[in-house]
Amino acid sequence: TEKTYVMVKPDGVQRGLVGNIISRFETKGFHLKGLKLFQCPKELAETHYGDLSEKPFFPDLVDYIVSGPVVCMVWEGPGVVKSARKLIGATNPLESEPGTIRGDLAIEVGRNVVHGSDSVENGEKEIGLWFGDEGVIEWEQAMSPWLRE
Ligand code: GTP
Ligand code: MG
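The shown structure was predicted, so the numbers you read here are calculated from the model rather than taken from an experiment.

Draft legend 1. Broad picture of the site of ligand 1. Around ligand 1, the neighbouring residues are Leu-52, Phe-57, Asp-60, Leu-61, Thr-91, Val-109, Gly-110, Asn-112, His-115, Gly-116 and Asp-118. Within the residue set of the shell around ligand 1, elements represented by two or more residues are helix H4 (58–65) and strand S4 (114–116). Split into classes, the residues belonging to the shell around ligand 1 amount to four nonpolar, five polar and two charged.

Rendered as structure tokens:
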């Protein structure tokens, strides 16, 4: 089944939003496969956002991601990559719909509390990058018959 990488950024951790954010994915019905509190080293932040390295905000983005611990997660489910992006909302929180994480909890693009992979391929890449071979656990969700036909 499809997996995605979701991360509560340092502002979300500092603001005490970890439970709120995890709860949205849990209650939606997605299956938690990996979870850790982690201080991201600079090189990893630069690799993770490598596609944006030419952007003027890139140094600030890297500083932001390493400014405190993040919460790294792997969520699994059918269509989870696209669905997680919808739950998260638009990149700029002023344009995110109410009901989304950013729409409800953030006001600035440089403090938008959460990350979600933008494709299945990038999801696999990011899970490898942030979790390596360890930390992703295969387990049965006991409630799965109540979530899936
Ligand atoms: P992620 O889930 O974090 O990857 O966000 P995204 O996919 O919605 O947006 P994108 O990958 O284009 O940008 C990655 C991150 O860079 C954003 O979440 C913002 O934190 C930051 N960012 C993007 N655009 C801007 C910008 O114009 N200014 C600033 N300061 N930060 C930006
Ligand atoms: Mg992105």
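Draft legend 2. Looking closely at the confidence of the model for the protein. Chain-level pLDDT for the protein is 97 on average; 100% of the residues reach the 70-or-more range. Predicted as a complex, the structure gets a pTM of 0.97 and an ipTM equal to 0.96.

Draft legend 3. Spatial organisation of the UniProt feature "active site" (unreviewed entry) in the protein. When the UniProt feature table is mapped to this numbering, "active site" (unreviewed entry) covers His-115. Relative to the helices and strands, His-115 is located in strand S4. Residue classification places His-115 among the buried residues on the basis of 22 C-beta atoms within 10 Å. Sequence-distant contacts of His-115, defined by excluding residues within four places in its chain, comprise Val-6, Met-7 and Lys-9.

Draft legend 4. Main features of the sheet that holds strand S2 (residues 31–38). Here four strands make up an open sheet; going across it, the order is S2-S3-S1-S4 and the pairing antiparallel. Only two strands of the sheet have a single neighbouring strand rather than two, namely S2 and S4. Each neighbouring strand pair of the sheet contributes to a mean axis angle of 15 degrees, computed without reference to strand direction. Looking at chain direction, strand S1 (residues 3–8) and S4 are connected through three bridges and run antiparallel. Note that in S4 the partner of Val-6 across the bridge is Gly-116. Packed on one face of the sheet, helix H5 (residues 80–88) meets S1, strand S3 (70–76) and S4 and runs near 25 degrees to S1. Docked against the sheet, helix H7 (residues 120–131) engages S1, S2 and S3, running at close to 55 degrees with respect to S1.

Draft legend 5. Representation of the UniProt feature "domain: Nucleoside diphosphate kinase-like" (unreviewed entry) in the protein within the structure. Feature annotation in UniProt assigns "domain: Nucleoside diphosphate kinase-like" (unreviewed entry) to the following positions: residues 1–138. Secondary structure within residues 1–138 divides into 41% helix and 17% strand; the distance between the first and last C-alpha atoms comes to 11 Å.

Draft legend 6. Looking closely at H7. Here H7 is twelve residues long and its end C-alpha atoms lie 16 Å apart, about the 16 Å a rise of 1.5 Å per residue gives. Along H7, the positions that sit buried rather than exposed are Gly-123, Glu-126, Ile-127 and Trp-130. Looking straight down H7, one finds that the buried residues subtend no more than 105 degrees of arc, so they occupy a single side. Opposite the packed face of H7, turned more than 90 degrees from it, sit the exposed residues Glu-121 and Gly-128. Buried residues in H7 make contact with S1, helix H3 (42–48), S3 and H5. Immediately beyond the C-terminal end of H7, within one or two residues, lies Gly-132, with a positive phi of roughly 60 degrees.

Draft legend 7. How the structure looks around the environment of Glu-26. Mapping Glu-26 onto the fold places it in helix H2 (residues 18–28). In this structure, the C-alpha to C-alpha distance between Glu-26 and Thr-47, residues 21 residues apart in sequence, is 28 Å.

Draft legend 8. Here's a closer look at the pairing of S3. With six of its seven residues buried, S3 lies for the most part within the structure. With six bridges joining them, S1 and S3 adopt antiparallel strand pairing. Of the residues in S3, the one forming a bridge with Val-6 is Met-73. Of the pairings in the sheet, the one linking S2 to S3 comprises seven bridges and is antiparallel in character. The partner of Leu-32 across the bridge, within S3, is Trp-75.

Rules used in this analysis
- Residues numbered from 1 in each chain as written.
- Chains lettered and ligands numbered in written order.
- Predicted model: local features only at pLDDT ≥ 70, side-chain atom pairs only at ≥ 80, totals over all residues.
- Near = placed C-beta within 6 Å.
- Helix = DSSP H or I, 4+ residues; strand = E, 2+ residues; numbered from the N terminus.
- Nonpolar A, V, L, I, M, F, W, Y, C, P; charged D, E, K, R; others polar.
- pLDDT = per-residue confidence, 0-100.
- UniProt positions renumbered as here; feature names shortened; annotations may be inferred.
- Buried ≥ 20, exposed ≤ 12 C-beta atoms within 10 Å, placed from the backbone.
- Contact = placed C-beta atoms within 7 Å.
- Pairing = 2+ DSSP bridges.
- Axes fitted to C-alpha atoms, helices over the stretch in contact; angles between N-to-C directions.
- Expected span 1.5 Å × (residues − 1).
- Arc of directions from axis to C-beta.

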